[in-house]
Amino acid sequence: MSNSDIFIGETIGTAVLILLGGGVCAAVTLKHSKAQNAGWLAITFGWGFAVLTAAYLAGGVSGAHLNPAVTIGLAIKGSTPWSEVPLYLGSQLLGAMIGAVLVWLTYYGQFRAHLTDPATLYSQPSEEGMVDQAAAPKAGPVLGIFSTGPEIRNAVQNVITEVIATAVLVLAILTQGLNNNGDGLGTLGALITSLVVVAIGLSLGGPTGYAINPVRDLGPRIVHALLPLPNKGGSDWGYAWVPVVGPLIGGAIAGGLYNVAFA
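Residues numbered from 1 in each chain as written. Predicted model: local features only at pLDDT ≥ 70, side-chain atom pairs only at ≥ 80, totals over all residues. Heavy atoms only, no water.

(A) Region of interest: the overall build of the protein. Each helix and strand in the protein was counted, giving eleven helices and zero strands. The linear arrangement of helices and strands in the protein, starting from the amino end, is α-α-α-α-α-α-α-α-α-α-α. Computed over C-alpha atoms, the radius of gyration of the protein comes to 19 Å, within 12% of the 18 Å expected from 2.2 N^0.38 for 263 residues, which places it in the range of a compact globule. The principal-axis extents of the C-alpha atoms in the protein amount to approximately 65 × 35 × 30 Å. When each of the 263 residues of the protein is scored for burial, the buried share is 51%. Total accessible area computed for the protein in this model is approximately 11,300 Å², and 65% of it derives from carbon and sulfur atoms. (Helix = DSSP H or I, 4+ residues; strand = E, 2+ residues; numbered from the N terminus. Rg over C-alpha atoms; globule rule 2.2 N^0.38 Å. Buried < 20%, exposed > 50% of the residue type's maximum accessible area, 1.4 Å probe, protein only. Areas by Shrake-Rupley, 256 points an atom, 1.4 Å probe, with all protein chains shown as cover.)

(B) Summary view of the pattern of salt bridges. Within the structure shown, the criterion is met by three salt bridges. Between R153 and D236 there is a salt bridge, with the nearest N and O atoms lying 2.8 Å from each other. Placement of R153 in the loop between α7 (143–146) and α8 (155–177) and of D236 in the loop between α10 (214–226) and α11 (242–261) is noted, with a sequence separation of 83 residues between them. On the accessibility criterion, R153 (53% relative accessible area) is exposed. (Salt bridge = Lys/Arg side-chain N within 4 Å of Asp/Glu carboxyl O.)

(C) Local environment of the side chain of T11. Its location among the elements puts T11 in helix α1 (residues 3–29). One polar contact links the side chain of T11 to the main-chain carbonyl oxygen of F7, over a distance of 2.7 Å. Beyond its immediate sequence surroundings of up to four residues, T11 is in contact with I6, S91, L94, G95 and I98. (Polar contact = N/O pair within 3.5 Å; in protein donor to acceptor, adjacent residues only side chain to side chain. Contact = heavy atoms within 4.5 Å.)

(D) Just the nonpolar core, in detail. Ranked by size, the top nonpolar core spans 51 residues in total, and within it L17, W47, F111, I145 and F146 carry the most contacts. Per-element accounting of this core gives the leading share, eight residues, to α1. Contacts of I145, omitting those with residues within four sequence positions, involve G22, C25, A26, T29, L30, V103 and F111. (Core = buried A, V, L, I, M, F, W, Y, C linked by side-chain atoms within 4.5 Å.)

(E) Broad picture of the environment of L89. Tracing the sequence through the fold places L89 in helix α4 (residues 85–106). The sequence separation of L89 and E10 amounts to 79 residues, and the corresponding C-alpha distance is 8.6 Å. Contact partners of L89, with chain neighbours within four places excluded, come to P68, T71 and V215.

(F) Region of the structure containing the packing of aromatic side chains. On inspection of all chains with the given rule, the structure shows five aromatic pairs. An angle of 70 degrees between the planes, with centres 5.8 Å apart, marks the rings of W40 and Y210 as edge-to-face. Placement of W40 in helix α2 (residues 40–62) and of Y210 in the loop between α9 (187–204) and α10 is noted, with a sequence separation of 170 residues between them. Residue classification places W40 among the partly exposed residues on the basis of a relative accessible area of 37%. (Phe/Tyr/Trp six-rings, centres within 6.5 Å; stacked < 30°, edge-to-face > 60°.)

(G) Molecular detail of the confidence of the model for the protein. The predicted model of the protein averages 92 in pLDDT, with 92% of residues at 70 or higher. Between residues 123–140, whose pLDDT stays under 50, and residues either more than four places distant or in other chains, the model counts 26 contacts. (pLDDT = per-residue confidence, 0-100.)

(H) Broad picture of α9. Compared with an ideal rise of 1.5 Å per residue, which puts 18 residues at 26 Å, α9 spans 26 Å between its outermost C-alpha atoms and is within 8% of the ideal. Buried within α9 are the following residues: G189, A190, T193, S194, V196, V197, V198, I200 and G201. Looking at the buried positions of α9, the neighbouring elements they touch are α2 and α8. (Expected span 1.5 Å × (residues − 1).)

Here it is as structure tokens:
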């Protein structure tokens, strides 16, 4: 694969991944969305189909890594040259940011309606049942459209959760999902991987929201910080390292385990 193939495939593929994955989060979260409150099943299957679409789109161009943890796992396995890793990672981050912007544009009216609704913005009703309009506005629940957050904030547990979930994903790709060249997802492998992502979401996604992909979290979080969203609240940078470090460790462990147990 040429450098231009890697850049184009990973940028466009990751953008589509985040557009569809972030899009289902927006659909379930935002007021005036027809899918509001559709629930966790909609999110997990939405992300699975997002992976499927993006992988088929980019697979023939760049190998459809779409995830730094996958790239690291493939590099440790020996299928991807370490010299190409920075290009993969940079292209994936750029694509993730583009995808997050596209989610915002798609749901522009819903974002504004959601974040300017007093029922969303203000503190809980007083004992008399009245909303305190003078209270400081809360962050609307839109950061979860862009990035992940834990249900119980414990850095050690949160990192371990992301390590385990990502190791499952990358090990499944390395053992079942590769193309004939062994440097990216194959046709059947893309389907298998998308189903594994659904399984991870259903079984392991509850504690942290299963980032399992550093740029899936970091790119959209940067976009959340930059977008002119009214009353959007903070971007939770204190947690942002967890969905970056955890998946990278998980991908490295999967690559090493593959070399020991399956190579």
